[in-house]
Amino acid sequence: MTTVFHTVTIEKAAEAYVLSRGRARFLSIAQAIRAIRTLMPACKATDRELEALLAAASIVHGVPVAFDAPTANSAEPRLHS
């Protein structure tokens, strides 16, 4: 018996998360980053890189995004659709 394991990339994880939230009112970047870091604890991507991947996947799939992750430049959440 042969067992095959497929490699999950950060890009695929971000897209899968976006697709799983497709019927929600919006995608929370902060929540998505926490979920990806929980599933992929060895992820070396920065929060900014994950935010960009999640935003791109959200645009492709038409999911509104809440940029609610804390940043040095902004303390207020931003909502984009």
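Higher on the page you've got the structure.
(A) Geometry of helix α2 (residues 29-39). By the burial criterion, the buried members of α2 are I29, A30, A32, I33 and I36. Along the axis of α2, the buried residues cluster in a sector spanning 165 degrees; they form a single face. Exposed residues on α2 whose side chains face more than 90 degrees from its buried face are R34, T38 and L39. Tucked inside the fold, the buried residues of α2 contact α1 (10-20), β1 (27-28), α3 (47-61) and β2 (65-67).

(B) Structural detail: the nonpolar core. Grouped together as the largest cluster of nonpolar side chains are 22 residues, with contacts concentrated most on L27, I29, L50 and L54. Sorting the residues of this core by element identifies α1, α2, α3 and β2 as the ones contributing at least two each. What L50 contacts, discounting residues up to four positions off in sequence, is I10, I33, I36, R37, C43 and A45.

(C) Structural detail: the pattern of salt bridges. Throughout the structure, instances matching the rule amount to 2 salt bridges. Between D47 and R37 there is a salt bridge whose closest N-O contact spans 2.9 Å. Residue D47 is located in helix α3, and its partner R37 is located in helix α2; the two are separated by 10 residues in the primary sequence. Note on D47: relative accessible area 42%, which makes it partly exposed. Note on R37: relative accessible area 28%, which makes it partly exposed. For R48, the salt bridge identified is with E51, shortest N-O distance 3.8 Å. Of this pair, R48 and E51 both sit in helix α3, 3 residues apart, which is roughly one turn of that helix.

Scoring rules and cut-offs
Residues numbered from 1 in each chain as written. Predicted model: local features only at pLDDT ≥ 70, side-chain atom pairs only at ≥ 80, totals over all residues. Heavy atoms only, no water. Buried < 20%, exposed > 50% of the residue type's maximum accessible area, 1.4 Å probe, protein only. Helix = DSSP H or I, 4+ residues; strand = E, 2+ residues; numbered from the N terminus. Arc of directions from axis to C-beta. Contact = heavy atoms within 4.5 Å. Core = buried A, V, L, I, M, F, W, Y, C linked by side-chain atoms within 4.5 Å. Salt bridge = Lys/Arg side-chain N within 4 Å of Asp/Glu carboxyl O.

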